[in-house]
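If you want the building blocks of each chain, they are given just below.
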Amino acid sequence: MNQVLEAEAPRISLAPRLTGAAAAELDAALRNHRGEDIVVEAGRVELLGAQCAQVLVSAMQTWRIDGARLSVEAPSAAFAADFRRLGLGREAAALEAAG
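Residues numbered from 1 in each chain as written. Predicted model: local features only at pLDDT ≥ 70, side-chain atom pairs only at ≥ 80, totals over all residues. Heavy atoms only, no water.

Asker: Give a detailed account of the nonpolar core, specifying residues and quantitative values.
Answerer: Counting residues in each nonpolar core, the largest one holds 26 residues, and the members touching the most others are Leu14, Leu30, Leu48, Leu70, Phe79 and Phe83. Elements supplying a minimum of two residues to this core: helix H1 (23-31), strand E3 (38-41), helix H2 (50-66), strand E5 (70-73) and helix H3 (77-85). A total of eight residues in this core trace back to one element, the largest contributor, which is H2. (Core = buried A, V, L, I, M, F, W, Y, C linked by side-chain atoms within 4.5 Å. Buried < 20%, exposed > 50% of the residue type's maximum accessible area, 1.4 Å probe, protein only. Helix = DSSP H or I, 4+ residues; strand = E, 2+ residues; numbered from the N terminus.)

Below, the structure written as structure tokens:
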């Protein structure tokens, strides 16, 4: 009997404070998995700055174009609130729906 095993998607765990200084590191971590399904763990996020939010929105669009799945797992209330505060409510809803 043949069994097909699904490989678990790579995971990136976001730091509690995602300020502008973290944007390049976040971008590099995501780019390392381009073309792969990926899970972004956002449960520890206490602060999401504009530059890191921009990196995440760009990654969402890139993954969609590439036909891969980028999902956000258990986003914290602060993560979702900061997306809305930055005027990215539609993107926050898309992230939550994809997770």
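Read on, since the account is not over.
Asker: Explain the pattern of salt bridges to me, and be specific about the residues and the numbers.
Answerer: Going through the model one piece at a time under the given rule, you end up with six salt bridges. The salt bridge partner of glutamate 8 is arginine 11, with a shortest N-O separation of 3.6 Å. On the accessibility criterion, glutamate 8 (63% relative accessible area) is exposed. The salt bridge involving aspartate 66 is made with arginine 34; its shortest N-O contact spans 2.7 Å. Of this pair, aspartate 66 sits in helix H2 while arginine 34 sits in the loop between H1 and E3, and the two are 32 residues apart along the sequence. In this structure, a network of salt bridges that share partners links the residues Glu8, Arg11, Glu41 and Glu73. (Salt bridge = Lys/Arg side-chain N within 4 Å of Asp/Glu carboxyl O.)

Asker: Quick rundown of H3? Include the residues and the values.
Answerer: Residue pairs spaced three or four apart in an α-helix point in one direction, given the helix's 3.6 residues per turn. For H3, every residue scored as buried is listed here: Phe79, Ala80, Asp82 and Phe83. Across the axial projection of H3, the buried residues extend over an arc of 160°, all falling on one side. More than 90 degrees from the buried face of H3, the exposed residues found are Ala77 and Arg85. Glycine 87 sits one or two positions beyond H3 and adopts a positive phi of about 80°. (Arc of directions from axis to C-beta.)

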